[in-house]
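One-letter residues, chain by chain:
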Amino acid sequence: CTGWTEQMLYHLGKIFVCNYWKEYLYVIDPVRDEITDSIRIGTGAQSLVADNKDRLIVACGGYRIPQSESGLVYINIFERKVEKRIAFSNNYPSSL
């Protein structure tokens, strides 16, 4: 896939990749070296961390993308779905 990658995270045997220009967080199998899944999170993904509940938290909403929703996205990595979003009004997160 094409795009601008700000950050990757290796967690629980998978690599999770932010793509700043696309709406998806990509899941990569490091053994097969291929994308195995994607999770729609919105544009502007820049930074991600895993919390103590094995959820991913992604900072989204870059200042270079007009009309992008800035905030934090919490992802259940076992179900590969967004659990919740916390919106920021006029702030643009850059790192967690």
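Here's a quick rundown of the structure. (Residues numbered from 1 in each chain as written. Predicted model: local features only at pLDDT ≥ 70, side-chain atom pairs only at ≥ 80, totals over all residues. Heavy atoms only, no water.)

## Side note on the overall build of the protein
- Per the secondary structure count, the protein includes 0 helices and 8 strands.
- Listing the helices and strands of the protein from first to last along the sequence gives β-β-β-β-β-β-β-β.
- A total of 96 residues make up the protein; the buried ones form 43% of that total.
- Of the contacts formed within the protein by residues at least 6 apart in sequence, a portion of 33% connects residues at least 24 apart.
- Split by element, the accessible area of the protein, about 5,700 Å² in all, is 47% carbon and sulfur. (Helix = DSSP H or I, 4+ residues; strand = E, 2+ residues; numbered from the N terminus. Buried < 20%, exposed > 50% of the residue type's maximum accessible area, 1.4 Å probe, protein only. Contact = heavy atoms within 4.5 Å. Areas by Shrake-Rupley, 256 points an atom, 1.4 Å probe, with all protein chains shown as cover.)

## Overview of the pairing of strand β3 (residues 24–29)
- Counting buried positions along β3 gives 5 out of 6 residues, so the element sits mostly inside the fold.
- Alignment of strand β2 (residues 14–17) against β3, held across 3 bridges, turns out to be antiparallel. For Phe16, the partnering residue across the bridge sits in β3 and is Val27.
- The turn joining β2 and β3, which pair antiparallel and follow one another in sequence, is formed by 6 residues.
- Note: β3 against strand β4 (residues 34–40), 6 bridges, orientation antiparallel. Bridge pairing in β4 places Val27 opposite Asp37. (Pairing = 2+ DSSP bridges.)

## Description of the state of the cysteines
- All told, the structure shown has 0 disulfides when counted by the stated rule.
- Unpaired in terms of disulfides, Cys18 finds its nearest cysteine sulfur in Cys60, a separation of 6.9 Å.
- Residue Cys60 is classed as buried on the basis of its relative accessible area, which comes to 2%. (Disulfide = S-S within 2.5 Å.)

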